[in-house]
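# Observations on the model geometry
Spelled out, the chains give:
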Number of protein chains: 2
Amino acid sequence: MTVVALAGGVGGARLCEGLQAVLPPGDLAVVVNTGDDTERHGLLVCPDHDTVLYTLAGIADPTQGWGIAGESWTVMDRLAELGEETWFRLGDRDIATHIARTARLRAGARLTEVSLAIQAALGVRSRILPMSDTPVRTRVLSDDGWLAFQDYFVRLRQAPEVRAVSFDGADDAEPTPEVVGALDAASILVICPSNPIVSVGPILAIRGLRDAIRGARARGVRTAAVSPIVGGKALKGPADRMLASLGHEVSAVGVARLYAGLVDVFVIDAEDAALAPAVEDLGMRALVTDTIMVDAGARARVARETLAALG
Amino acid sequence: MTVVALAGGVGGARLCEGLQAVLPPGDLAVVVNTGDDTERHGLLVCPDHDTVLYTLAGIADPTQGWGIAGESWTVMDRLAELGEETWFRLGDRDIATHIARTARLRAGARLTEVSLAIQAALGVRSRILPMSDTPVRTRVLSDDGWLAFQDYFVRLRQAPEVRAVSFDGADDAEPTPEVVGALDAASILVICPSNPIVSVGPILAIRGLRDAIRGARARGVRTAAVSPIVGGKALKGPADRMLASLGHEVSAVGVARLYAGLVDVFVIDAEDAALAPAVEDLGMRALVTDTIMVDAGARARVARETLAALG
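Presented here is a report on the structure given in the accompanying data block. Model, not experiment: these values are computed from the prediction. (Residues numbered from 1 in each chain as written. Chains lettered and ligands numbered in written order. Predicted model: local features only at pLDDT ≥ 70, side-chain atom pairs only at ≥ 80, totals over all residues.)

## A look at unusual backbone geometry
Residues and elements named next belong to chain A. Test applied: The way it works is that DSSP assigns letters per residue, a run of H or I at least four long becomes a helix, a run of E at least two long becomes a strand, and they are numbered from the N terminus. Backbone-placed C-beta atoms define the burial measure: a residue is buried with 20 or more other C-beta atoms within 10 Å of its own, exposed with 12 or fewer, and partly exposed in between.
In this model, glutamine 158 sits at a positive phi of 60 degrees, which is unusual for a non-glycine residue. For glutamine 158, the location among the structural elements is in the loop between helix H6 (149-155) and strand E8 (164-168). A residue is classified by how many C-beta atoms lie within 10 Å of it, and glutamine 158, with 15 of them, is partly exposed.

Here's what the structure looks like:
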């Protein structure tokens, strides 16, 4: 059973950890959002890829939702001394990832090749595939104008209301051979509990990728999505406020509506059990379970139940 | 009294430290060799600039002749894990220098601007001026063919015999406005005890810079050079073997001969006192003193005596 997961950052990484735990080695391919990617100090930083990378390598910081456990900050402190901006914090081990990645890209390698080599070096037994090898950059429209995603997300701590989002480069981006190959080989597709607007949104904004997903579904690939909204709130991040300011219903049903026609099973939390009929009205089956993935056991359980629901 | 020093790595940095100690703040400009510069992991590393930088900032590693005292190696260890080459060791604080430099160059700044900003951030009160803003790259011809300088110097530990040297890019390189300005303002020029072939050689290989030095001398600027060869041996590095394999006399006289017509005073070690007449036969005055700069006191003394000899 080959599974392709679509994922953004923390919530996505947790379900991927569960999927990796319950699947045979090599059976999981994760397509990650690259719309959050950003150049910091001349180095390409891929936050969603790296959160999934460090999580699947078992070295993710357990509390802060990004970076590597037990990091040191020597380079960052020095960069601050040299007058570099430091609102986007990068640990020493993490910086090595960005240095190696940027050097190899500048030497002509594709982002996917570079990413797979770094994953292999860290002993990750799943494939984490950037959604595209060419840059796609998410921007959000605030009341003060357009903001680069990390300006909004990290520098301004998601304070501005988001009036619109844009995925620059998505129109020209092609799905990679690796993503197309993974979708061709997949029997199951899982949309992780990531922000539907700015984590899953950019992935689905790549026309060729959306077409490949529709092609996979036409061939019988079954799809599940796990709601990132529980009890009307995002488990992490600004998904709830973003759904609201963009005119969507702030609930599991609001997310399910965004995925209508794309998924067979929609997983909602026990707390939202009353929403199951409204989800099923959208033409998908509702799976009601405890979706809060506090530890490895919970992550594996949610993964197992999600896969089982697809039969 | 404005002094311009021409310097390469360790020996040059030591005399510069002495010059900075005995001159009023701001009166020293150091023109550094950039022929040793190299791109490591996509980052521009400027070994001679940085050795002078860290020495003049008072943070140089006191024993190894490069890098910052008390360094940590977290990034390098991680780069090794990621499969990057690691024969050129870079400490964490040092890497911050290369990251900031490379980012600012890529953003369009000149190497000189970037270097001066980094020096200011580290509180250096002299100016350290790259000999050129455009790349000049030293290569050496070994019996196995041409080698990039750091391949020869670090990776192969200077084992190959050097049959020829080449300064790629020197023909097209222009002296910077800052170097020209410093030479225009100078009353004294000091050639540091650096390798005459591959440290001072690249500086003098830039035609415009050599012309500017000749112009300064024509205006009455007096020049001293300090021998890097004592008792027929290089104090550090491969200068002695390089002089031999390139057909030069391996002695202070051999070095003086390379600078004939350029210097007024040539400083040789007390151990080489017997060579003074041969030096003076080349049309320069020989200053005989203890040139071994073991500590800050000795560095200041050599600087003071050298300046006094030109007085």
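Now that the structure has been shown, the text picks up again.
## Some words on the sheet that holds strand E7 (residues 145-148) of chain A
Residues and elements named next belong to chain A. To keep things clear, this is the line we draw: Two strands are said to pair when DSSP picks up at least two bridges between them. Lines fitted to the C-alpha atoms define the axes, with helices restricted to the stretch that makes contact. Angles between their N-to-C directions range from 0 to 180 degrees.
Taken together, the 3 strands give an open sheet; going across it, the order is E7-E6-E8, and neighbouring strands pair in antiparallel fashion. The sheet is open, and its two borders are formed by E7 and E8, each paired with just one other strand. On average, adjacent strands in this sheet sit at an angle of 30 degrees to one another, irrespective of strand direction. Here strand E6 (residues 137-142) runs beside E7; their pairing, made up of 4 bridges, is antiparallel. The partner of leucine 141 across the bridge, within E7, is tryptophan 146.

## A look at helix H9 (residues 207-218) of chain B
For the record, the criterion: Expected span of a helix, by definition, is 1.5 Å for each gap between consecutive residues, and there is one gap fewer than residues.
Given a rise of 1.5 Å per residue, 12 residues ought to cover 16 Å, and the 16 Å separating the end C-alpha atoms of H9(B) matches this to within 8%. Of the residues trailing H9(B), B:Gly220 is marked for its positive phi of about 105 degrees.

## Brief notes about the sheet that holds strand E8 (residues 164-168) of chain B
Residues and elements named next belong to chain B. Read across the sheet, 3 strands follow the order E7-E6-E8 without closing on themselves; strand pairing throughout is antiparallel. Strands with a single pairing partner mark the edges of an open sheet, and in this sheet they are strand E7 (145-148) and E8. Neighbour-to-neighbour, the strand axes of this sheet turn through a mean angle of 30 degrees, independent of strand direction. Inspection of the sheet shows strand E6 (residues 137-142) paired to E8 by 5 bridges, in the antiparallel sense. Directly across from arginine 137, in E8, lies its bridge partner aspartate 168.

What is shown is where atoms sit, not what they do.
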